[in-house]
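Read off the chains here:
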Amino acid sequence: VSVMKKLLRAAACLAAAAALHTIAAAQTPAFILREENGLIAYYDCADGTWTQTGWPAAALPNGCDRAALRCGLPLYSREALTRALEDHCS
């Protein structure tokens, strides 16, 4: 895959993540899943703590997933967090 195609794919992924963030901005997320210090981690918005999963973000095969984690994925329930962790850390 050419560099240009990779850049276009990453830009599309970031645009999609930004659109989802805009739609969800009316609600306050319960958790935020993102890359912290090279690892997948999540922030608990209720108690203000970060939890590291120990899973490296670089291990994700999908560039769009890595790009979305750099931006942060808002999650609105414990169930959504569980699904996201299963998707990204298994």
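Residues numbered from 1 in each chain as written. Predicted model: local features only at pLDDT ≥ 70, side-chain atom pairs only at ≥ 80, totals over all residues. Heavy atoms only, no water.

Examining unusual backbone geometry
Put simply, the rule is: Each helix corresponds to a stretch of at least 4 residues labelled H or I by DSSP, and each strand to a stretch of at least 2 residues labelled E; elements are numbered beginning at the N terminus.
In this structure, Asn-37 is a non-glycine residue whose phi angle is positive, near 55 degrees. Along the chain, Asn-37 turns up in the loop between strand E1 (31-36) and strand E2 (39-44).

Some words on the environment of Leu-85
Definition in use: Every residue pair with non-hydrogen atoms within 4.5 Å of one another is taken to be in contact.
By secondary structure assignment, the location of Leu-85 is in helix H3 (residues 78-88). In the structure, Leu-85 is positioned 44 residues away from Ala-41 in sequence and 9.2 Å away in space, judged by C-alpha atoms. When sequence neighbours within four positions are dropped, the list of residues in contact with Leu-85 reads Leu-33, Tyr-42, Thr-53 and Ser-90.

Things to note about the sheet that holds E2
Condition: Strand pairing follows a simple DSSP-based rule, namely that at least 2 bridges must link the two strands. Every angle, taken between N-to-C directions, lies between 0 and 180 degrees, and every axis is a line fitted to C-alpha atoms, over only the stretch in contact when it is a helix.
Judged by pairing direction, the sheet is antiparallel, and its four strands sit side by side in the order E3-E2-E1-E4 without closing on themselves. Each of the sheet's edge strands pairs with one partner strand only, and the pair in question is strand E3 (49-56) and strand E4 (73-75). Averaged over all pairs of adjacent strands, the angle between their axes in this sheet comes to 25 degrees, without regard to strand direction. Relative to E3, E2 runs antiparallel, the two being bridged by five bridges. The partner of Ala-41 across the bridge, within E3, is Gln-52. Contacts between helix H2 (residues 63-71) and the sheet are confined to E1, E2 and E4, with E1 contributing the most and set at about 110 degrees to the helix. Sheet strands in contact with H3 are E1, E2, E3 and E4, and its direction is about 25 degrees off that of E1.

Description of the packing of aromatic side chains
Here a ring pair, both rings aromatic, is described through the centre-centre distance and the interplanar angle of the planes. Test applied: Under the pairing criterion, centres of Phe, Tyr and Trp rings, with the six-membered ring standing for Trp, must be within 6.5 Å; the plane angle then separates stacked pairs below 30 degrees from edge-to-face pairs above 60, leaving the rest tilted. We call a residue buried when its accessible area falls under 20% of the maximum for its residue type, exposed when it is over 50%, and partly exposed in between, using a 1.4 Å probe and counting protein chains only.
Tallying each qualifying case throughout the model produces two aromatic pairs. The interplanar angle of 80 degrees and the centroid separation of 6.1 Å between the aromatic rings of Phe-31 and Tyr-42 together place this pair among those described as edge-to-face. In this pair, Phe-31 is assigned in strand E1 and Tyr-42 in strand E2, connecting sequence segments 11 residues apart. In terms of burial, Phe-31 and Tyr-42 fall into one category: buried. Centroid distance Tyr-43 to Trp-50: 5.1 Å. Interplanar angle 50 degrees. Geometry classified as tilted. Residue Tyr-43 is classed as partly exposed on the basis of its relative accessible area of 25%.

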